[in-house]
Amino acid sequence: MLPFLPSVKCPACDVSHTPLAGQLKNGVYAGSCQNCGYFFKFRAVEDTADTVTFSVNGAQYTVGNEFDPATSLNEWLRSQQVSTGTKQMCLEGGCGVCLVSVQLYEPVSGTKQVYTVNSCLVQLYMCDGWEVTTIEGLGNPADGLHPVQQRLVDYNGSQCGFCSPGQVMNMYGFLQRNPKPTKQQVEDNFDATICRCTGYRPILDAMKSFAVDTIPSQHGGPLDIEDLNPKVCKTTNKPCRRRCRPKTKDDANTGPSGSVPLHIVGERAQWLKPTTLQALCALLKQYGGANYRLVFGNTGYGVYKELGPWMYDILIDIRGVQDFYRMETSPSVVVGANLSLTNLREMFERHASDPSTVTYFPDFARHVKQVASNSVRNLACWAGNLMLKHTHPDFVSDVFTLFETVGAQLNIVDGEGKESSVNLTDFLTTDLKGKVVVSAILPTFSTDDVYIRTFRVAQRLQLSHGYVVAGFNFQLDKNDNFRVKVKPSIVFQGINATTNHATTTEDFLTGKQLGDPAILQEALTTLGQEMKPSSEPILASPEYRQNLACSLFYKFVLNTCADKCQKRYQSGGTGLYRPVSSAVQTFDSRKEEWPLNQPMTKLDAAYQVCGEARYVDDLPLEQTELYATFVISTKGNAKLASMDPSAALAMSGVYKFIQASDIPTGGTNSFTAPTGGIKPEEFLCSGQVLYAGQPLAIIVAADPQTAETAASMVKVTYADGQRPLSDMKEAIKQKSFFPGVLAPRVVGDPDQAIAQSARRITGTIECGLQAHFHLETQNGRCAPDDDGGMHVQCTTQDIGVTAQVVARILNIPQSAVTVEVKRLGGAFGAKNLRNGMATGACALAAHIMRRPIRLCMNFHTNLKSVGKRHPYYAQYEIGFTEEGKLNGVSVTAYANCGSSPNENLMGAVFDNIDNAYHCENWRVTPIAVKTNTACNASCRGPGSLPTHFITESMMDHVAKTLGKDPSDVRKVNLYTKGQVTPGGKRLDYCNIAALVSQLEASSGFQVRKQQVALFNQANRWKKRGISMIPVRYGIGLGSHYNVFVAIYGSDGTIAIDHGGIEMGQGVNTKVAQVCAYELGVPMSLIRVKKSSSTTNANSSGSNSSHTSELTAMGVIECCKTLKSRMDPIRLQMDKPSWTQLVSECYKKGVDLSATAYTVATSSSGSGYNVYAAIVTEAEVDILTGQSQILRSDLLYDCGESLNPELDIGQIEGGFMMGLGYHLTEKVKFDPTTGEVLTDGTWEYTPPMPKNLPINFRVTLLKNAPNPVGVLRSKTAGEPPLMLSSSAVFAIKQAVEAARAEIGQDVFFTLNSPVFAEDIQAACMVKPSQFTFGQ
Ligand SMILES: Cc1cc2nc3c(=O)[nH]c(=O)nc-3n(C[C@H](O)[C@H](O)[C@H](O)COP(=O)(O)OP(=O)(O)OC[C@H]3O[C@@H](n4cnc5c(N)ncnc54)[C@H](O)[C@@H]3O)c2cc1C
Ligand code: FES
Ligand code: FES
């Protein structure tokens, strides 16, 4: 260990090195520069270490400069195979798959504290002295699951399983800090982890079962503290108390963890960690002019990529500076710069209940809880947040809002140790190079006439930055009509880069009476005029943000001057109240048939929740394995002129640059297989760039980070650049269509039917794109065989197509390719054809390099390069009776296919346009629109989800035209048995009308409609709506799956291989249940293996909801064959046990394995219909446009469900994915380049737990065997998505109630997705309406 900071820059030649020196005095050293010989003095700071030591799951690790200082904990855990259960996806703190818990010394409390953190944001060298626990440290099926893991299994909270380790770690870390939480606290804590599969209900139920106020029916109950760490100690054989964990460096040093100064000199950059302010100042002085960055939580990089630690030569970790942890609340509030947002929240909360304390603490505590997620807040310091605002003035900073609202002062220190104090406005313009924020002083207000409130409105209730964040600080004389005593503070974020205060409005209001309606109006006009929001495609519209600024001010006034308001106005002063959610699931199960029909969790669940279930990127690396990544286009419509990879190839660790011309002779540059009219799509652009994000080339490198950096260094030039066409409406205007995709379908005589109808309407409706957002990205791992073939492990939903694609690219026979899939971390249709892009490229790289290659698309590339759910635009004309019965419907449905018509699925328009409604006369004209966007892809309920929304919008339009309740119009049109769909299918089995009336009764629909009306009368600025939506969804059973069942002669156990893909839907569990039922054996004997293009050759893709049924059909066939072979032996035996029978058959040479290839039978060939209905009630905050779902009652005909637990999981998850489509997700493109702007978790926001209906009731229809389904069952994969439109129509009714207040209750179109800004605009909210109602 060196006695001083080893690297010092020579003042003469500027070379940094470590001079050998002798000490003079007071820490001053002198020495000669090793480069130029110049003799100079420098100040030594402290002894430093050049390694960090930490533990993971009790094992100690010491790392030094063999890793780059930019290495994240996640990268290290995964690359060193220490924890592959810790997943990675977004690498920006926005998905939570990477959560770990860490125990570290926390100077605020002077104790060791456990926190859940995002390992993708934590830098490896931050971990000095930390005790890290990963999912592997909790439990596993062999040694026993941890209670949190077990509950997630028991509650069926793991579908694809990719998010499950993160969900477990989130709860584990939380329980460590709060072992006796309430349900509300648990639910609040689930703000860090996205799950695309489950819809969260089972995850929340599992976790809320630990709450002290959990209901008795919620099995489990709170844990004793010792059960939280129940691992058995190898030494004592008793539950581990962590007393004999390996000693860390900090145990050796008496100081707190991580208190040793560090200096790690890497090849590329240095990591420095001072532990005193003095040492930090010395570093600031030394490196103030260098390319340096301070690091606390490193979460800033999650927001701004230029803060990525690899961008800096010097990284200075300030976590060790003890002076920065001040926390004082009296006589003034002083907070040190190193207080995390969690520290702040806890401080605000701790003091909130004390009436003598600072009045704004409760409001601030509530506010901070909404910033980022608990795991980010655990890492992030407030000073870092302010610094983001400092460097990016347009950053919507919640901390800035809070601190500036109360007029905080910041203390700043420079390299000389000189202190200065600035207010926040001046801070923004202060040069902070070589300086550090030390602390902030927050004023206290001793009088009770100070009113401080803050508000934030965001795209999503959790883990979402604000559209607009506002803070108000007014000193008012209540007795003088709320006269504003001194200049108030009105702070806004999210307007533009320079507006932080509404200064003109502040001036105007000074001395005025806020309770005077005329003053209020004048203030609103002034505010509206001075709010000039910037306009950028990625942001909410300027009009909305301007309106929101006025609405939030009005909210503050309603809240503060509540006495002045009419009662029905008062609820406008608060946001939407969301109590803890609850849910009920009701279903029947015939025990006599178990394990068929048995509600049971997934077979793999225990392996998924403990991180042992492997996904492609978790496979152990072979010694020679390399990584590949794509170079993608940044222009959407141009010619690829040239690519210069020289800079990339010059990087150490970069092996190869591969482009289209490297495809072997005879190979095909396409990742699609030419079946069923599918057209070729290049996986490496050969000249014409069709969309921004298109793969142009491949970089092969030693590790993923090097590959990504190198890919970004390839210089690409374009020629003939044209403005890309990414907007569907513009494309329609330009008639940019794919010709001949599908001819119109005419049934009856729609023109005449419409013309002769009593009532006629025309209209349009639109719905958007949806990213699949599977948490495991598109991945491939390919290794050349020793016989000229290729072994492929990848994330395809279609092993057959992927094998064909690889064979065609490499120009080798398909039999030379083996594609294997064990499980997928979600797919939702994106991994059907689109996986060929990643796997095909990976196979090419492996072929060229003659080494195993892994190509795991980074999350951002995945969002940019892969198409999404097709957006639709429809024009319609409808003729109907006075009663609302449909006579004739003519619809032209445009679907934006992107750059290729592959996967257009426009046939779904024909199949779904009628939904559950009978009409004799139809014209349906599908038009495939061509744009410069990635070819859009199947997405759970492809075509059907948008079509369903179009139909329901038409029904809504009919109802409004007639002044009827939409549910009445829907009901008069419901199909009855024997009627024929426009697709020509006779409904021999149709129970939709009965199902709807059952649901109406069970949900109390009619009574609740009246309650909603009463609520709307009583509230001016909050409105509710309630909708009922029926669904008919046709299921075809035409796919083929190759199934193989083997019984092992030695022990009677059974293995199943099938061509379906397990991606969370539970196909493996269902086939095992069916096999156990058919053979009469326990489930424990059965294993389901991976799917392989060799053993399961010629299988169809796993799509269209029917994989589980059809593979089950194959299993039944196999079992029949096996039984027919075994029965003669059985008859010769006296009631043999299973193992005796199997053993005897084996001895007698009976073939104990069988295959089947599923072919639809005549009865099942035409498929069947799923029927379902839902009642949804929603509430809208009219002033902000925010909405929430109060309650959904869902009744679903699943036939005789093969497994009600899994099917309900599918129903809830599908419903939530649909909710995301309609309410929280929007894809945006850069109009100039065509690039996807919503390519990260910061802007693209799938639903989170608080998007769930507050009360969610799911019932499976009883006594409803499906006459043509496999074992009388029906599917639950895609139809539930359709039910999500009920949220839009409930919200629409609430909007109608708001419009009725201003005499505007006429029909309007509400396109999907319905964001807060769309709702607020539809409500026609204007500041001129903002009165006290008196
Ligand atoms: C997923 C996610 C969601 C988020 N959501 C929100 C949100 O809703 N609202 C919101 O306001 N913010 C949000 N943030 C931003 C977050 O609050 C900040 O990233 C965080 O506070 C930065 O703190 P840090 O400790 O991680 O800073 P770091 O990332 O370590 O540093 C950030 C910057 O601050 C500088 N810095 C750090 N400390 C000091 C200091 N004491 N003196 C001088 N410079 C310093 C660093 O040099 C660096 O330039 C979100 C972040 C993420 C990742
Ligand atoms: S990978 Fe860390 S939060 Fe997404
Ligand atoms: S189970 Fe949560 S993402 Fe699949």
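1. Quick word on the packing of aromatic side chains
Tallied over the entire structure, the rule returns 31 aromatic pairs. Centroid distance phenylalanine 455 to phenylalanine 472: 6.0 Å. Interplanar angle 65°. Geometry classified as edge-to-face. Placement of phenylalanine 455 in strand E20 (residues 450-458) and of phenylalanine 472 in strand E21 (residues 466-477) is noted, with a sequence separation of 17 residues between them.

2. Focus: empty space enclosed by the protein
By the definition in use, this model includes eight cavities of 30 Å³ or more. Quantified by volume, the largest cavity comes out at close to 240 Å³. Considering the residues around the largest cavity, the lining is formed by 23 residues, among which Leu104, Tyr105, Pro107, Arg319 and Tyr325 are closest to the centre. At the level of elements, strand E8 (99-106), strand E9 (111-118) and helix H11 (374-379) are the ones that each hand at least two residues to the lining of the largest cavity.

3. What to know about the pairing of strand E35 (residues 790-794)
When you tally the buried positions in E35, you get four out of five residues, the bulk of the element. As defined by bridge partners, strand E34 (residues 779-784) adjoins E35 across five bridges and the pair is classed as antiparallel. Looking at the pairing, arginine 781 lines up with glutamine 793 of E35. Where E34 hands over to E35, the hairpin turn is made up of five residues, of which glycine 788 adopts a positive phi near 85°. Bridge count between E35 and strand E36 (residues 817-821): four bridges; the pairing is parallel. Residue pairing for E36: glutamine 793 is matched across the bridge by glutamate 820. Crossover connection from E35 via helix H24 (residues 799-810) to parallel E36: handedness right-handed.

4. Section: the environment of arginine 177
Among the structural elements, arginine 177 can be located in helix H3 (residues 164-177). Taking the relative accessible area as the measure of exposure, arginine 177 reaches 25% and is therefore partly exposed. For the pair formed by arginine 177 and threonine 116, sequence separation is 61 residues and the distance between their alpha carbons is 9.5 Å.

5. Focus on the packing of helix H12 (residues 382-391) against helix H13 (residues 398-406)
Following both chains from N to C, one finds H12 and H13 inclined at 100°, their axes separated by 8 Å at the closest point. For the element pair H12 / H13, the angle class is roughly perpendicular. On H13, the residues that touch Trp382, Asn385, Leu386 and Lys389 of H12 are Asp398, Val399, Phe400 and Phe403. Within the contact of H12 with H13, the residues separate by chemical class into five nonpolar, one polar and two charged.

6. Let's talk about the nonpolar core
Among the nonpolar cores identified, the biggest contains 240 residues, and Phe492, Leu514 and Phe553 are the most heavily contacted of them. For phenylalanine 492, the residues in contact, after removing those within four places along its chain, are Val468, Val469, Ala470, Phe472, Thr499, Asn500, Ala502, Leu527, Met531 and Ala549. Grouped together as the second largest cluster of nonpolar side chains are 96 residues, Tyr287, Ala290, Phe364 and Phe427 included.

7. What to know about the site of ligand 1
What surrounds ligand 1 is a group of 38 residues, the closest being Phe296, Thr299, Gly300, Asp398 and Val437. With respect to ligand 1, the backbone of alanine 372 contributes an N or O atom lying 3.5 Å from an oxygen atom. One nitrogen or oxygen atom from the side chain of asparagine 385 is found 2.9 Å from an oxygen atom belonging to ligand 1. For ligand 1, the accessible surface in isolation is 980 Å², of which the surrounding protein chains cover 97%. Counting only elements with at least two residues in the shell around ligand 1, the list comes to strand E13 (292-295), helix H8 (300-303), H11, H12 and strand E19 (435-442). The dominant element in the shell around ligand 1, judged by the number of residues it contributes, is H12, at five residues.

8. Remarks on the sheet that holds E8
Within the open sheet, the five strands sit side by side as E7-E6-E10-E8-E9. Their pairing is mixed. Every other strand in the sheet has two partners, leaving strand E7 (59-63) and E9 as the edge strands with one partner each. Recorded for the sheet is a direction-independent mean angle of 30° between the axes of neighbouring strands. Inspection of the sheet shows E8 paired to E9 by eight bridges, in the antiparallel sense. Looking at the pairing, leucine 99 lines up with asparagine 118 of E9. Packing against the sheet, H3 makes contact with E8, E9 and strand E10 (131-133), and its axis sits at approximately 160° to E9.

9. What to know about the state of the cysteines
Per the stated rule, a full pass over the model turns up zero disulfides. Here cysteine 550 is not disulfide-linked; the sulfur of cysteine 1323 is the nearest cysteine sulfur, at 16 Å. Residue class for cysteine 550 comes out buried when judged on its relative accessible area of 2%.

10. Quick word on the environment of lysine 1089
Position of lysine 1089 relative to the elements: it lies in the loop between strand E44 (1086-1088) and strand E45 (1091-1092). Sequence separation between lysine 1089 and glutamate 730 is 359 residues; the distance between their C-alpha atoms is 49 Å. Contacts of lysine 1089, omitting those with residues within four sequence positions, involve Ala1055, Ile1056 and Asp1057.

11. Some points on the pairing of strand E49 (residues 1255-1260)
Pairing of strand E24 (residues 582-586) with E49 involves five bridges; the strand directions are parallel. Its bridge partner lying in E49, glutamine 585 is registered against valine 1258. Sheet analysis places strand E48 (residues 1187-1196) next to E49, joined by six bridges and oriented parallel. Residue pairing across strands places leucine 1195 opposite threonine 1259, the latter belonging to E49.

12. Some remarks on helix H33 (residues 1107-1132)
With 26 residues, H33 ought to run about 38 Å at 1.5 Å a step, and its terminal C-alpha atoms sit 38 Å apart, in line with that. Roughly 40° is the biggest bend found in H33, and it falls at methionine 1126, with proline proline 1128 one to four residues downstream.

13. Concerning the confidence of the model for the protein chain
Taken as a whole, the protein chain shows an average pLDDT of 93; of its residues, 95% reach a score of 70 or greater. Under a pLDDT of 50 for its full length, residues 1-6 has, in the predicted model, 29 contacts with residues more than four places off or in other chains. Residue range residues 247-255 is modelled with pLDDT below 50. Its contacts to residues more than four positions away, or to other chains, number 20 contacts.

14. Digging into the packing of helix H35 (residues 1204-1224) against helix H37 (residues 1285-1301)
With their axes 8 Å apart at the nearest point, H35 and H37 run at an angle of 45° to one another. By the criterion of interaxial angle, the relationship of H35 to H37 is oblique. In this structure, H35 uses Phe1215, Leu1219, His1222 and Leu1223 to contact H37, whose residues at the interface are Ser1285, Ser1286, Ala1287, Val1288 and Ile1291. Here the residues of the contact of H35 with H37 are counted per class, giving six nonpolar, three polar and no charged.

Thresholds applied
Throughout this description, residue numbers start from 1 for each chain and increase along the sequence as written. Naming scheme: in the order in which they are written, chains are lettered from A and ligands are numbered from 1. Where totals are concerned, whole chains, interfaces and linings use all residues; where local detail is concerned, this predicted model gives features only for residues with pLDDT of at least 70, and gives and counts side-chain atom pairs only at 80 or more. Side-chain numbers come from the whole structure's heavy atoms, not from hydrogens or water. The aromatic pairing rule takes the rings of Phe, Tyr and Trp, using the six-membered ring of Trp, and pairs them if the centres are within 6.5 Å, calling planes under 30 degrees apart stacked, those over 60 edge-to-face and the rest tilted. For the purposes of this entry, the term helix denotes a DSSP run of H or I that reaches at least four residues, the term strand denotes a run of E that reaches at least two, and both are numbered from the N terminus. Residues are said to line a cavity or pocket when one of their atoms sits within 4 Å of a point; the points come from a 1 Å grid over protein atoms alone, cavities being sets where a 1.4 Å probe fits but cannot get out and pockets being open sets with protein on both sides within 12 Å along at least five of seven lines. Grid points are joined across faces, edges and corners, and a volume is the space filled by probe spheres set on the points. To sort residues, take the accessible area from a 1.4 Å probe on protein chains only and compare it with the maximum for the residue type: under 20% means buried, over 50% means exposed, and anything in between is partly exposed. Two strands form a pair only when DSSP identifies at least two bridges running between them. The path from the first strand over the helix to the second decides the hand: if it runs clockwise while the strands point away from the viewer, the crossover is right-handed. Lines are fitted to the C-alpha atoms to define the axes, a helix being fitted only along its stretch in contact, and any angle between axes, read from their N-to-C directions, falls within 0 to 180 degrees. Oblique is the label for every angle not falling under 35 degrees (roughly parallel), over 145 degrees (roughly antiparallel), or within 65 to 115 degrees (roughly perpendicular). Contacts are assigned to residue pairs with any non-hydrogen atoms lying within 4.5 Å of each other. Ten residue types, Ala, Val, Leu, Ile, Met, Phe, Trp, Tyr, Cys and Pro, are classed as nonpolar, four, Asp, Glu, Lys and Arg, as charged, and the remainder, Gly among them, as polar. By nonpolar core we mean a set of buried residues, namely Ala, Val, Leu, Ile, Met, Phe, Trp, Tyr and Cys, connected to one another through side-chain atoms within 4.5 Å. Note on terminology: near, applied to a residue and a molecule or strand, indicates that one of the residue's heavy atoms is within 4 Å of it. Under the rule applied, a polar contact is a pair of N or O atoms within 3.5 Å (in protein, one hydrogen donor and one hydrogen acceptor; residues adjacent in sequence only if both atoms are side-chain atoms). For the area figures, the Shrake-Rupley method with a 1.4 Å probe applies, and any residue is considered shielded solely by the protein chains shown. A pair of cysteine sulfur atoms is labelled a disulfide when the two atoms are within 2.5 Å. What a helix should span is 1.5 Å times the count of its residues minus one. The angle between axes fitted to the seven residues ending at a residue and the seven residues starting there is what we call the bend at that residue. Each residue gets a pLDDT score, which is the predictor's confidence in that residue and runs from 0 to 100.

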